[in-house]
Structure formats: C-alpha cells, structure tokens
Amino acid sequence: MASNTDIEIHWFDAWDDLCDIIGDRADIPCQLPDWSVIDAESCRGWLQDSAYDGYHVRVEVGWVGHLRGAIVHRCREVET
C-alpha cells in the first residue's frame, strides 16, 4: 500500500500534467474514463480523490468532442 506521501506525489504529478495542458485557459474540457466531460477545476478534485482511492492517474492532451482538452485515465495498482 502506498504511503500518503507517495499518493500526494502521484496526484501532484497528474495536476502538473493537467496544468501544462490547460495553460492559462480555464475553459479546457476534461474527459474522464467514463466518457463524462468536466471542467478543469473539477478535474483537479477528481484526480486527487482518485489517487486517495488507490488509483494511479494519468492526464494527456487529446480531443474532447471537437475541442482540444485533457483526457484523464486511472487504473488500480497491480499487486505482485
């Protein structure tokens, strides 16, 4: 199980990726794994909540509908 420090580092990294995509535009759409679309501020909360729920999160640039936005992914850590 990951420590709180590891979890925080992980979602901070995802936030940084999101900030790189957003830049100074707050109107960037973010598409979640369930195909729903949320705003960037809600996405930040979703990333943090997902990380604390035990998911690995990742953000990449992509097309959300016809707009350039952020595509968000998450998966559970596989225990070996």
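Our next topic: the sheet that holds strand E1 (residues 30-31). If you walk across this open sheet you meet the four strands as E2-E1-E4-E3, and the pairing is mixed. Each having just a single partner strand, strand E2 (37-38) and strand E3 (55-64) make up the two edges of the open sheet. Relative to strand E4 (residues 67-76), E3 runs antiparallel, the two sharing 10 bridges. When the bridges of E4 are listed, Val59 appears paired with Val72. Running over the sheet, helix H1 (residues 4-22) touches E1, E3 and E4 and is turned about 10 degrees from E3. The strands that helix H2 (residues 40-52) touches are E1, E2, E3 and E4; relative to E3, the one it contacts most, it runs at about 155 degrees.

How two aromatic rings sit relative to each other is given by the distance of their centres and the angle of their planes. As enumerated under the stated definition, the model contains four aromatic pairs in all. Note on Trp11 and Phe12: the rings are 4.4 Å apart at their centroids and 50 degrees apart in plane angle, and the pair reads as tilted. Taking relative accessible area as the criterion, Trp11 reaches 6% and is therefore assigned buried. With a centroid separation of 4.8 Å and an interplanar angle of 65 degrees, the aromatic rings of Trp11 and Trp15 are classed as edge-to-face. Linking Trp11 with Trp15, this pair stays in helix H1, spanning four residues, or about one helical turn. Residue Trp15 is classed as partly exposed on the basis of its relative accessible area of 24%. Here a set of aromatic residues connected by ring pairs shows up, and it is made of Trp11, Phe12, Trp15 and Tyr52. Over the ring of Trp63 we find Arg68, and its NZ or CZ is 5.2 Å from the ring centre. Lying across the ring of Tyr55, Arg76 places its NZ or CZ 3.9 Å from the centre.

The rules we used
Residues numbered from 1 in each chain as written. Predicted model: local features only at pLDDT ≥ 70, side-chain atom pairs only at ≥ 80, totals over all residues. Heavy atoms only, no water. Pairing = 2+ DSSP bridges. Helix = DSSP H or I, 4+ residues; strand = E, 2+ residues; numbered from the N terminus. Contact = heavy atoms within 4.5 Å. Axes fitted to C-alpha atoms, helices over the stretch in contact; angles between N-to-C directions. Phe/Tyr/Trp six-rings, centres within 6.5 Å; stacked < 30°, edge-to-face > 60°. Buried < 20%, exposed > 50% of the residue type's maximum accessible area, 1.4 Å probe, protein only. Lys NZ or Arg CZ within 6 Å of the ring centre and 35° of its normal.

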